[in-house]
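Listed below, chain by chain, are the residues.
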Amino acid sequence: MNNVHPLAWYSALTSISYHQRNWLQDRGSLTRRIQDRCAQFCVKRVFQSLSRVYGDELDVMGLRVNELAMVREVYLYCGDTPVVFAHSVVAHKNLRGAWRGLSGLGNKSLGTVLFTNPRIKRTPLEFKKVSRGHFLYDRACIRLPEKPVNLWARRSLFTLHGQSILVTEVFLPAILELPL
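Residues numbered from 1 in each chain as written. Predicted model: local features only at pLDDT ≥ 70, side-chain atom pairs only at ≥ 80, totals over all residues. Heavy atoms only, no water.

Helix and strand counts for the protein come out as five helices and seven strands. Ordering the α and β elements of the protein from the N terminus gives α-α-β-α-β-β-α-β-β-α-β-β. Taken over C-alpha atoms, the radius of gyration comes to 16 Å for the protein, in line with the 16 Å a tight globule of 180 residues would show. Taken over the C-alpha atoms alone, the protein extends approximately 40 × 40 × 30 Å along its principal axes. Taken over 180 residues, the protein has a buried fraction of 49%. Carbon and sulfur atoms make up 51% of the accessible area of the protein, which totals about 9,300 Å². Of the side-chain charges in the protein, 25 are positive and 13 negative, and the distance between the mean point of each set is 6 Å. (Helix = DSSP H or I, 4+ residues; strand = E, 2+ residues; numbered from the N terminus. Rg over C-alpha atoms; globule rule 2.2 N^0.38 Å. Buried < 20%, exposed > 50% of the residue type's maximum accessible area, 1.4 Å probe, protein only. Areas by Shrake-Rupley, 256 points an atom, 1.4 Å probe, with all protein chains shown as cover. Lys, Arg positive; Asp, Glu negative; His and termini not counted. Charge placed at Lys NZ, Arg CZ, Asp CG, Glu CD.)

What follows deals with the nonpolar core. Core analysis: the biggest nonpolar cluster contains 22 residues, and Ile34, Val83, Val84 and Ile175 have the highest contact counts within it. At the level of secondary structure, the elements contributing two or more residues to this core comprise helix H1 (18-25), helix H2 (30-36), strand E1 (41-51), strand E2 (69-78) and strand E3 (81-91). Apart from the residues within four sequence positions on either side, valine 84 is in contact with Leu30, Ile34, Val74, Tyr75, Leu76, Glu169, Val170, Phe171, Leu172 and Ile175. With 15 residues, the next largest nonpolar core counts Leu136, Ala140, Leu144 and Val170 among its residues. (Core = buried A, V, L, I, M, F, W, Y, C linked by side-chain atoms within 4.5 Å. Contact = heavy atoms within 4.5 Å.)

As far as function goes, none of this settles anything; it's purely spatial.
Next comes the structure, spelled out in structure tokens:
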């Protein structure tokens, strides 16, 4: 991955440990997987608002530069430790359609909604290693006492009735302390 475009996401992982790969490539519910390995699981919402989205999300979502979307950010916790930072984007116009219930999720898991409806389809996962200066890294590290050199992120679109939500998950260092 030398000389890569800063906005590029990839369909395959390279130079990654088995443990990291196992977490990143799992296409099931990440929420359910963490819950199964954690005695005290919770979701803590840290941001939810109509907002502009970041450059590498515009094309994926089919949004114009100044078009607003609902942006929701949460941490998934195992006990007192954040293990995943999740960043979700839904076009404002789709909040009245397929995704109308998302505004009221609060501290509930989005994964619970996405993986209980068989009509929701998911695109293949894309991966990116993010570091200081990338919005996902900077947002994800806010609650970390020590900032790692970089973090792995993955994203995919979930679609219902032709309307999509982009879900990006940033894996924090403590995820590797959970059993596979």
